[in-house]
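A look at the structure
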Amino acid sequence: MKIGLLTSGGDCPGLNAVIRAAVLHGIKSYDHEFVGFRDGWRGLVEGDIIDLPRTKVRGLARQGGTILGTSRTNPYDHPQGGPENISIMLERHGIDAVVAIGGEGTLAGARRLALDGLPVVGVPKTIDNDLMGTDYTFGFDTAVSIATDSMDRLRTTGESHHRCMVAEVMGRHVGWIALHSGMAAGAHAVLIPEQRTSMDEVCRWVTEVHERGRSPLVVVAEGFIPEGFDDVTAVHGTEADGRPRLGGIGEYITQQIEERTGIETRNTILGHIQRGGAPTGYDRVLATRFGMSVVDLIQQKKWGYMVALRGTDMVPVSFDEALTGLKTVPQDRWDEARVLFGR
């Protein structure tokens, strides 16, 4: 078989490890041939293809980003898109199956193509770890590790100057990165999209810590909405797909803390640094297992499915099941962490 791979949506550490594992396993175990579509769905609909021999993927497991490039193109919105045109393109190039590596938006496009009869399978990719159907996605552990290391550094400078430090991390709709990195760094408050928290309560936590002679650390997800607000803080306009371009809630939290408490407060937005660099060992292994498992999925011709991690096992999950909604931080996990706030 000839298999085409694409990476779509936001980049994250581990994408190259998926590509490497799929190609090596497919060639060695099944004698498959592989190609890559450049820049996500755009490459698929336009037929922008590169060969992926085993020599092309050597050493990729430790490399961040994606050698295929990525974009947020929708396969149905593109002038050359739609199942009929894509089917013609696949036949023209002799491609028997497509592997879509991406998050909710990418897999929604893959699901629609599969329903229209195209041979499409998926690999879940979301740095926010917010996709239903799988316990974890690669890139999340790396983002948490980077955020935790950054917070450890913020705490040392905060303690030197007796300041409150605010760290803004990724998390448009869910707070998994904020929760995990905040707990790991010993944060005194973690603010996530799932929980509306008042500034009065945040300032109370900060004041309690400061009065004990400590320097408070507040972690906030970029999609956090304070109590009393109707929408996220987005001062940078919108993305190409119309979504608010987030980043700025940390600055608002910082201003409010300083005005209300009189405690000198500084803000750091970690931003895209959380996406960059080499993946952690855990993410390399997870991405490698995803890449190998999706080739087995193709061998079984399970179109309309993605591979998923359940416990420690790799299992097939239908796109329908995976796209039932976002995997948010449950109330019990928030309550568990909240016990430590202000302590």
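Criteria and thresholds
Residues numbered from 1 in each chain as written. Predicted model: local features only at pLDDT ≥ 70, side-chain atom pairs only at ≥ 80, totals over all residues. Heavy atoms only, no water. UniProt positions renumbered as here; feature names shortened; annotations may be inferred. Core = buried A, V, L, I, M, F, W, Y, C linked by side-chain atoms within 4.5 Å. Buried < 20%, exposed > 50% of the residue type's maximum accessible area, 1.4 Å probe, protein only. Helix = DSSP H or I, 4+ residues; strand = E, 2+ residues; numbered from the N terminus. Contact = heavy atoms within 4.5 Å.

- Under an unreviewed UniProt entry, the name given to the protein is ATP-dependent 6-phosphofructokinase, and the organism recorded is Kocuria palustris PEL.
- The UniProt entry for the protein carries the following text under Sequence similarities (unreviewed entry): "Belongs to the phosphofructokinase type A (PFKA) family. Mixed-substrate PFK group III subfamily."
- Under the UniProt heading Cofactor (unreviewed entry), the note attached to the protein is "Mg(2+)".

A look at the nonpolar core
- Grouped together as the largest cluster of nonpolar side chains are 76 residues, with contacts concentrated most on L5, V99, V123, F138, V218, I253 and I257.
- The leading source of residues in this core is helix α9 (residues 281–299), at seven residues.
- Listed in part, the 24 residues of the second largest apolar core include W41, A100, A110 and M306.

What about the UniProt feature "binding site: Mg(2+)" (unreviewed entry) in the protein?
- Within this numbering scheme, the UniProt entry marks E104 as carrying the feature "binding site: Mg(2+)" (unreviewed entry).
- Take E104: it is sitting in helix α4 (residues 104–115).
- Residue E104 is classed as partly exposed on the basis of its relative accessible area, which comes to 39%.
- Other than its neighbours up to four places away in sequence, E104 contacts L131, L323 and L326.

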